[in-house]
Amino acid sequence: MSVVARTASFRPRAAVSPLRRQAAAAVVRRPTVDQFIAAERPEEPVHCLRPAVIAANARTFVEAFPGDALYAVKCNPDPAVLRALHAGGVRHFDCASLQEVRLVRDMFPDAAIHFMHPVKARGAIREAWERHGVRDFVLDSAEELAKIRAEAAATGLPGRLGLIVRIALPKGGARLDLSGKFGAEPEDAAALLRAARGCAATLGVSFHVGSQCLDPLAWRAALGLAGQVIRTAGVAIDVVDVGGGFPVSYPDQEPPALGAFFAEIEEGFDRLGVPAARLWAEPGRVLVASGASVVVQVQARRGAMLYVNDGVYGSLSDAGALGFRYPVRMIRPDAKPIGALTEFSLYGPTCDSADVMRGPFVLPADVAEGDWIEIGQLGAYGACLRTAFNGFDRARIVEVADRPMLDGPACGTESLRIAA
Ligand SMILES: *Cc1c(COP(=O)(O)O)cnc(C)c1O
């Protein structure tokens, strides 16, 4: 048996059940990606988790953000990821479904869980309140307000109800625009705040600027709008939740340091004139993207097209329709690459012609059938979007000791120190 096989614990995984997977025991020794590939020569995609990287990202964010960091669980709900975030200091979780609430409560009896989906099933509200101690709920309509009040009351269990009104933002500059689906228009949001104040022990506003938002000024604009809503409502506010959307590096995108975003948030918050309120954020991508990669194998090469064993129905969906580019490197345990770096595109394994990832992905010119490719920055919205389409639902997961392929968030807190 190889060294790696003895020391690494990996587990086969079905595509669609990460929320139901049992939390496994911590791994004792972690191999490097190269060691694992050389020893196992896997023909299935391999998810390479970097728990130490995730914990470090979390620590950076939690220490620099001037409020509470609520991890957006949907971004990557893998128990090993949640454990690493917890180790890095995350104690608040933004859950959007009952399964997420159950998972987090199972793993962390003391964590603060916030139910942040504006449209919830009645039974989900009830179980969250009754069984999992959830007290904070987001809403963007009078109907949802009535639903939350009725279901919490129906449990007969007392508790300090927290209500967060989600404000709709105009279409912004984020890579993934999320305006339109959720959020109350400013006038409606103000009315909701007034209606909710009487029954809320904690009352707040929230917004989401969209995912992978590269512009710190988006938070300034959103906080300006939140200020208008708060002034129109004329009620006391206990929480200002600036949402998620904090960006990470990709080969074609280099975001400003986190400190630039936090400086805008602190200034915008100060301008609201609600000094007693608490700041929340809901980071997802920024905490976990650099914490996992996926190793795929080349099954055929036709010119500049590589046929690989994972694709848009697997963990590479954002590389498909959204055209995200990711850092890549070839792994060939037995020989050296020959030739200059060249641009390639990838075909996924399913029979769908839409299963294509244009990239371009820059690899050695002689990349060939049998080589492996490590694709980085896939800790966010990668594994959790897998499907079982066409039978390609198998992947392996291994915890590795490698550094991230691109650096995680840096705080760059000069501006914060000046502000403080
Ligand atoms: C998805 C989501 C997040 C996390 O977004 P990131 O871009 O991953 O930081 C936070 N809040 C809400 C409401 C979301 O829907």
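The structure presented is a predicted model; accordingly, all values stated were derived computationally and were not measured. (Residues numbered from 1 in each chain as written. Predicted model: local features only at pLDDT ≥ 70, side-chain atom pairs only at ≥ 80, totals over all residues. Heavy atoms only, no water.)

J.: Before we move on, could you go through the sheet that holds strand E6 (residues 136-139) and cite the residues and values that matter?
T.: Strand order in the closed barrel formed by 8 strands is E3-E4-E5-E6-E7-E8-E9-E10, and the pairing between neighbours is parallel. With strand direction ignored, the average angle separating the axes of adjacent strands in the sheet is 25°. Of the strand pairs in this sheet, strand E4 (residues 92-95) and strand E5 (residues 112-115) are connected by 4 bridges, and their pairing is parallel. Bridge assignment links phenylalanine 93 to a residue of E5, and that residue is isoleucine 113. (Pairing = 2+ DSSP bridges. Helix = DSSP H or I, 4+ residues; strand = E, 2+ residues; numbered from the N terminus. Axes fitted to C-alpha atoms, helices over the stretch in contact; angles between N-to-C directions.)

J.: Summarise the domain arrangement of the protein; cite the residues concerned and give the values.
T.: It is common to report an interface's size as the accessible area lost on association of the parts. Under the domain assignment, the protein is made up of domain 1 (3-50 + 289-411) and domain 2 (51-288). Distance from the C-alpha centre of domain 1 to the C-alpha centre of domain 2: 31 Å. Of the roughly 3,000 Å² buried between domain 1 and domain 2 on both sides combined, carbon and sulfur atoms contribute 61%. Joining domain 1 to domain 2, the criterion identifies 0 salt bridges. Our count for the domain 1 to domain 2 interface comes out at 11 residue pairs in polar contact (both at pLDDT 80 or more). (Domains from an automatic or database assignment. Buried area = accessible area lost by both parts, 1.4 Å probe. Salt bridge = Lys/Arg side-chain N within 4 Å of Asp/Glu carboxyl O. Polar contact = N/O pair within 3.5 Å; in protein donor to acceptor, adjacent residues only side chain to side chain.)

J.: Give a detailed account of unusual backbone geometry, specifying residues and quantitative values.
T.: In this structure, the amide linkage connecting glycine 359 to the following residue, proline 360, adopts the cis form with an omega of 5°. Structurally, proline 360 is set in strand E15 (residues 356-364). For glutamine 212, which is not glycine, the phi dihedral falls at a positive 50°. By the element assignment, glutamine 212 lies in the loop between strand E8 (202-206) and helix H9 (217-233). Despite not being glycine, tyrosine 381 has its phi angle at roughly 50°, a positive value. Mapped onto the secondary structure, tyrosine 381 falls in the loop between strand E16 (372-375) and strand E17 (395-399). Judged by its relative accessible area of 15%, tyrosine 381 falls in the buried class. (Buried < 20%, exposed > 50% of the residue type's maximum accessible area, 1.4 Å probe, protein only.)

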